[in-house]
Amino acid sequence: MTTPSGQAGATAQKGHTAATRRMARHYAMQALYQWHMTGNSLNSIEAEFRTDNDMSKVDVEYFHDILHGVPEHLSELDAVYEPFLVDRSLAELDAITRALLRLATYEFKFRIDVPYKVVINEAVALAKKFGAEDSHKFINGVLDKTAVVLRALEVNAERKGR
């Protein structure tokens, strides 16, 4: 599988597990936060993460795909989840919430090899760890609605199966 950033998909990588993907998301969220806050180049941020962190338990191809794919499709991703922000604007979102919504929306749209429930659960778990108090509830609500738009067939099939 080739991803939008032109990289071979992580499904082609041998040995990726839920844990290595989880760590890839963890670092990608932090790297996207850093990119948003500093404006540094993605390549320098990625190099810093690869140098400063033990990447032996990380699906590094997945990390790379998310880190480069989100900025590449930024306005497109924001446009998908923005209608579900309720009483908030994009500008009002804190940087962690914004990074998580963008990361998850990217996965919904471009990583269809990952079930939508996994995408939501991983984003909620990261929000509980890094986000503001109760931000995980907000993120869960926005992503539930975003999943219906980007993964309608999958969401509807799952709902019928209940």
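Throughout what follows, the structure given in this document is the object of discussion.

Re the environment of Phe108
Then comes step 1: When you line up the elements, Phe108 lands in helix H5 (residues 95-110).
Then comes step 2: Among the residues examined, Phe108 registers a relative accessible area of 1% and is labelled buried.
Then comes step 3: Taking the C-alpha atoms as reference, Phe108 lies 25 Å from Arg50; in sequence the two are 58 residues apart.
Then comes step 4: Leave out the neighbours within four places in its chain, and Phe108 touches Tyr116, Val119, Ile120, Leu143, Thr146, Ala147, Leu150 and Arg151.

With respect to helix H2 (residues 42-52)
Then comes step 1: Taken residue by residue, H2 has Leu42, Ile45, Glu46 and Phe49 as its buried positions. All buried residues of H2 fall inside an arc of 100° around its axis, so they share one side. Facing away from the buried side of H2 by more than 90 degrees, the exposed set consists of Asn43, Thr51 and Asp52.
Then comes step 2: Structurally, H2 contributes buried residues whose contacts are with helix H1 (18-38) and helix H3 (60-72).

A closer look at the side chain of Thr20
Then comes step 1: Tracing the chain through its elements places Thr20 in helix H1.
Then comes step 2: Among the polar contacts made by the side chain of Thr20, one reaches the main-chain amide nitrogen of Thr17 at a distance of 2.8 Å.
Then comes step 3: When residues no more than four places from it in sequence are discounted, the contact partners of Thr20 are Lys57, Val58 and Asp59.

Things to note about the nonpolar core
Then comes step 1: Grouped together as the largest cluster of nonpolar side chains are 46 residues, with contacts concentrated most on Phe63, Ile66, Leu85, Leu101, Ile139 and Leu143.
Then comes step 2: When residues of this core are traced back to their parent elements, those giving at least two are H1, H2, H3, helix H4 (74-81), H5, helix H6 (116-130) and helix H7 (135-150).
Then comes step 3: No other element matches the nine residues that H5 contributes to this core.
Then comes step 4: Non-local contacts of Leu85, meaning those with residues more than four positions away in its chain, are made with Leu90, Leu93, Leu101, Phe138 and Val142.

A short note on the pattern of salt bridges
Then comes step 1: A full pass over the atoms with the stated rule returns 13 salt bridges.
Then comes step 2: Lys109 is the partner of Glu76 in a salt bridge, and the nearest nitrogen-oxygen pair spans 3.4 Å. In this pair, Glu76 is assigned in helix H4 and Lys109 in helix H5, connecting sequence segments 33 residues apart.
Then comes step 3: Lys109 sits in the partly exposed class, given a relative accessible area of 32%.
Then comes step 4: Taken together, the shared-partner salt bridges connect Arg21, Asp59, Asp65, Arg111 and Asp113 into one network.

Looking at unusual backbone geometry
Then comes step 1: The backbone phi angle of Val86 is positive, close to 60°, even though this residue is not glycine.
Then comes step 2: Within the element layout of this structure, Val86 appears in the loop between H4 and H5.
Then comes step 3: The phi torsion at Asp134 lies on the positive side, around 65°, for a residue other than glycine.
Then comes step 4: Residue classification places Asp134 among the partly exposed residues on the basis of a relative accessible area of 39%.

Cut-off values and rules
Residues numbered from 1 in each chain as written. Predicted model: local features only at pLDDT ≥ 70, side-chain atom pairs only at ≥ 80, totals over all residues. Heavy atoms only, no water. Helix = DSSP H or I, 4+ residues; strand = E, 2+ residues; numbered from the N terminus. Buried < 20%, exposed > 50% of the residue type's maximum accessible area, 1.4 Å probe, protein only. Contact = heavy atoms within 4.5 Å. Arc of directions from axis to C-beta. Polar contact = N/O pair within 3.5 Å; in protein donor to acceptor, adjacent residues only side chain to side chain. Core = buried A, V, L, I, M, F, W, Y, C linked by side-chain atoms within 4.5 Å. Salt bridge = Lys/Arg side-chain N within 4 Å of Asp/Glu carboxyl O.

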